[in-house]
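# A closer look at the structure
This is what each chain is made of:
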2 protein chains.
Amino acid sequence: MSAITIKDVATRAGVSTKTVSRVINGERHVRPQVRDAVLRVVDDLDYRPNAFARSLSSSRSYLLGLFIDDPTTGYAADIQLGALTRCRERSYHLVVEPLDRTAPDRADILAKIVRDLRLDGAILAPPLCDDVVLLDVLDAANLPYVRISPHGEPERSGLVFMDDEAAAREMTEHLIALGHTDIGFIEGDPGHNVSAERKRGFMAAMAAAALPVNTAHVLVGDFNIRSGLTLGDQLLAAPNRPTAVFASNDEMALGVLITAIRLGLAVPADVSIVGFDDAPLARAAWPRLTTVRQPKAQMAAAAVDLLVDPRYRGDIQAPEFKTLLGYEIVLRESAGLAPVSRVVAGEGLEPPTPGL
Amino acid sequence: MSAITIKDVATRAGVSTKTVSRVINGERHVRPQVRDAVLRVVDDLDYRPNAFARSLSSSRSYLLGLFIDDPTTGYAADIQLGALTRCRERSYHLVVEPLDRTAPDRADILAKIVRDLRLDGAILAPPLCDDVVLLDVLDAANLPYVRISPHGEPERSGLVFMDDEAAAREMTEHLIALGHTDIGFIEGDPGHNVSAERKRGFMAAMAAAALPVNTAHVLVGDFNIRSGLTLGDQLLAAPNRPTAVFASNDEMALGVLITAIRLGLAVPADVSIVGFDDAPLARAAWPRLTTVRQPKAQMAAAAVDLLVDPRYRGDIQAPEFKTLLGYEIVLRESAGLAPVSRVVAGEGLEPPTPGL
DNA sequence: CTGAAAGCGCTTACAG
DNA sequence: CTGAAAGCGCTTACAG
């Protein structure tokens, strides 16, 4: 056990413990000479501040809480890893806490965790980020928090988000550019607000291209592979099936892909299928999924950055605390030109050029 | 902020802080009357001990570390949730730390975390549980640890495990009972020791039934869906394909399933496919996968139980610190009777009876 | 720019 | 069975 304390360092460096404390915490007002001398001793002795002592006296925990509705998803894993890594870099610790969004007592649970762990900040992953009951708890506790991909009330906290609507629009435009005119869309879990945003992006692109949307080809899923299987069948087994399907996440897209294969449809020759997320599954499937890469790890890291920023407590309204991150359309093999026989001519579309 | 301290409770209850401390920590030697009185005050005031103060003075952190090679898998998520939940019940906290098993400096990273966080105990999930370098670090730090599903050196720590070999044997016997004689097997990542154990179970069952194993039908995968797709193709596209495939985990089984569908094979009419793990995917696939349910959450919970047991530090060799948990063969739709035309007669098999 | 004193809220010996 | 004293290792005011 490292019995080395701040006292040992102070003695050895010939300064007071307070000065060592200043150096450790990067405070100003320390002569460079002294600073360097202290740092050298810290290094020599391999001194590590005792986090408990520090927390006890400063009444800060250096502990951030990440609240996640369903921690078993790939999305959650990516968020978690991103937050964890950045916390480590910032000398903070992260506690991941599952919080069932349907639990009637979720507010009490959250309050208890915040108090028991004496968190210094909280991160709310979707869809918890849109649960007003939880925001109220955090406000009441006067705890700084950051929301990832929230839908409404942007003034209530710092935010980290990407433009889901624009991404969905762009993906749809890509399909349209490939010559598709009848595009099926599978919405995500209505409990997640991003579901509506992605759908809006899809509708906007269709409208901008003056393409009619077949309401029978717009279905509501739940982000799970199962709904991709079922709804994919509904979409593709019918005689007037769409030539492309845009699923609101990769898991559902994979379900559609499996269904297409089962129905004997070639992908993308007979039907193009695209997803959203760039989950590991998207890369593994055969053919690999064209999808939207969401910067999940970066979003989580950015949330940590906001929370540890000393200015954050002061003015959560500042534009610098609304972090917008970019997405990326990842082109792979699951989407291609619309089947020639089905391209509707005279819609103002250029004849699709091969090679993407 | 709850400014209520042990002092407030002591004053209000008319006892010393030491007595309150005793009650809180469930120590003996407190008169029941006094005990009850203190507890009542604790309740009234909604008093919560300050974990930092407690840790600082007791030099215990009440913090357990869970080390995982790849935290983005479904397996990791289940382990994590199980450990987290039990920690909460035991008033401990859990820190999940990803630790790349291939990192050359993984020993240093581990040592640093143990020291910086002042962990009270560590849990090593596979395949880290079999990394001697890491065990050495923990031994040197004199930190109690528990390994989940380790392969060797059972005397070095408490263990939580299930009988992978027996489970694989039983699953194979199930396929044999269904009339299958030519069964393909896809081994897991050779870097995980369970891979070899599951294979042993498969071989044992085949040998016990006096069935020959076609070496061309025993392939090595890596636990990812991609290898299921590739190896599934290798197995099923050949003219003398097996009538059943046993993949060492569900992800690979799903890959085989997708390949089968793509090849136009009916599952299970043409080929039966079974997995291992009972991952969420296993339930979602169509048809749903017959698989082995591994008690992942319970294993993690059991690991926590060992670590917080005060007797654990004393004698890790005691048989009570080697926790064996049961598995379950989950019968679903992906496995069925062997195609009649291909059943090899006269091998001592009863004619398969329908209805499973 | 630097330091001496007090205190954070518990638990650990040590008494009785 | 119960308590008074000291201390865990830091940081927070407060001085200078």
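Here is a short report on the structure shown in this document. Model, not experiment: these values are computed from the prediction. (Residues numbered from 1 in each chain as written. Chains lettered and ligands numbered in written order. Predicted model: local features only at pLDDT ≥ 70, side-chain atom pairs only at ≥ 80, totals over all residues.)

## As for the protein's contact with DNA strand C
- The immediate surroundings of DNA strand C are formed by 26 residues, with A:Ser57, B:Ile6, B:Ser21, B:Ala53 and B:Ser57 found nearest.
- Contributing elements (two or more residues each) for the surface near DNA strand C: helix H2 (17-24) and helix H4 (51-58) of chain A together with helix H2 (17-24) and helix H4 (51-58) of chain B.
- For the surface near DNA strand C, the element with the most residues is H4(B), which contributes 5 residues. (Near = placed C-beta within 6 Å. Helix = DSSP H or I, 4+ residues; strand = E, 2+ residues; numbered from the N terminus.)

## Things to note about the environment of A:Ala335
Residues and elements named next belong to chain A.
- Along the chain, alanine 335 falls in the segment after strand S12 (328-330).
- Alanine 335 gets classed as buried once you count the C-beta atoms within 10 Å, which come to 27.
- For the pair alanine 335 and valine 274, spaced 61 residues apart in sequence, the C-alpha separation works out to 6.4 Å.
- Once you skip the residues sitting within four places of it in the chain, alanine 335 turns out to touch Leu175, Leu178, Ala244, Pro268, Ser272, Ile273, Val274 and Thr290. (Buried ≥ 20, exposed ≤ 12 C-beta atoms within 10 Å, placed from the backbone. Contact = placed C-beta atoms within 7 Å.)

## Overview of the relation of the copies chain A and chain B
- Least-squares fitting of chain A to chain B yields an RMSD of 0.1 Å, with the superposition described by an axial translation of 0.0 Å and a rotation of 180°. Such values leave the two copies arranged in the relation of a two-fold axis. Relative to the rotation axis, the C-alpha of A:Phe52 is the closest in chain A, positioned 2.5 Å from it.
- Residue by residue, 100% of the interface of chain A is reproduced at the interface of chain B, so both copies engage with the same surface. (Least-squares fit on C-alpha atoms with pLDDT ≥ 70 in both.)

## Considering the packing of H4(A) against H4(B)
- Relative orientation of the contacting elements H4(A) and H4(B) amounts to 135°, with a least axis distance of 8 Å. In terms of their interaxial angle, H4(A) and H4(B) are classed as oblique. Handedness of the crossing formed by H4(A) with H4(B): left-handed. Where H4(A) abuts H4(B), its residues A:Phe52, A:Ala53, A:Ser55 and A:Leu56 lie against B:Phe52, B:Ala53, B:Ser55 and B:Leu56.
- Classifying every residue of the contact of H4(A) with H4(B) gives 6 nonpolar, 2 polar and no charged. (Axes fitted to C-alpha atoms, helices over the stretch in contact; angles between N-to-C directions. Parallel < 35°, antiparallel > 145°, perpendicular 65-115°, else oblique. Left-handed = near helix turned anticlockwise from the far one by under 90°. Nonpolar A, V, L, I, M, F, W, Y, C, P; charged D, E, K, R; others polar.)

## Comments concerning the pairing of strand S8 (residues 244-247) of chain B
Residue and element names in this part refer to chain B.
- Side chains Ala244 and Phe246 of S8 all project onto a buried face; the interleaved residues Val245 and Ala247 project onto the opposite face, where all are buried too.
- As defined by bridge partners, S8 adjoins strand S9 (residues 272-274) across 3 bridges and the pair is classed as parallel. Each residue of the ladder has a partner; that of valine 245, found in S9, is isoleucine 273.
- In this fold, S8 hands off to helix H11 (residues 250-262), which returns the chain to S9; that crossover is right-handed. (Pairing = 2+ DSSP bridges. Right-handed = clockwise from strand over helix to strand, strands pointing away.)

## Quick notes on the protein's contact with DNA strand D
- As a matter of local geometry, DNA strand D sits amid 26 residues, with A:Ile6, A:Ser21, A:Ala53, A:Ser57 and B:Ser57 nearest to it.
- At 5 residues, the largest contribution of residues to the surface near DNA strand D is made by H4(A).
- Here the surface near DNA strand D is composed, by residue class, of 10 nonpolar, 11 polar and 5 charged.

## Some remarks on the packing of helix H8 (residues 164-177) of chain A against helix H9 (residues 193-208) of chain A
Residues and elements named next belong to chain A.
- Running from N to C, H8 and H9 cross one another at 40°; their axes reach a closest spacing of 7 Å. Classified by the interaxial angle, the pair formed by H8 and H9 is oblique. Relative to H9, the crossing made by H8 is right-handed. Taken together, the residues of H9 that come into contact with H8 (itself represented by Asp164, Glu165, Ala166, Ala167, Ala168, Arg169, Thr172, Glu173 and Ile176) are Val194, Glu197, Arg198, Arg200, Gly201, Phe202, Ala204, Ala205 and Met206.

## Concerning the interface of chain A and chain B
- With 31 residues of chain A in contact, the opposing surface of chain B contributes 31 residues.
- When residues in the side of chain A that touches chain B are grouped by element, the largest group, 6 residues, is from helix H5 (residues 74-89) of chain A.
- When the residues that make up the side of chain A that touches chain B are grouped by side-chain class, the tally is 18 nonpolar, 7 polar and 6 charged.

## Here we look at the nonpolar core
- Core analysis: the biggest nonpolar cluster contains 177 residues, and A:Ile123, A:Ala303, B:Ile123 and B:Ala303 have the highest contact counts within it.
- With residues near it in sequence (within four places) discarded, B:Ala303 still touches B:Ala83, B:Ile123, B:Val146, B:Ile148 and B:Val160. (Core = buried A, V, L, I, M, F, W, Y, C linked by C-beta atoms within 7 Å.)

## A short note on the sheet that holds strand S7 (residues 218-220) of chain A
Residues and elements named next belong to chain A.
- With parallel pairing, the 4 strands of this open sheet are ordered in space as S7-S6-S8-S9. Since the sheet does not close on itself, it has two edges, and those belong to S7 and strand S9 (272-274), each with one partner. Shown here is a sheet whose adjacent strand axes are inclined to one another by a mean of 15°, direction ignored.

## As for the sheet that holds strand S11 (residues 322-325) of chain B
Residue and element names in this part refer to chain B.
- If you walk across this open sheet you meet the 6 strands as S2-S1-S3-S4-S5-S11, and the pairing is parallel. Two strands close off the open sheet at either side, each with one partner strand: strand S2 (93-98) and S11. Across this sheet, the average inter-strand angle for adjacent strands is 15°, counted without regard to direction.
- In this sheet, strand S4 (residues 145-148) lies alongside strand S3 (residues 121-124) in parallel orientation, the contact comprising 3 bridges. In the sheet register, isoleucine 123 faces S4, and the bridge partner there is valine 146.
- Lying over the sheet, helix H13 (residues 296-308) contacts strand S1 (63-68), S3, S4, strand S5 (158-162) and S11, oriented at roughly 160° with respect to S4.

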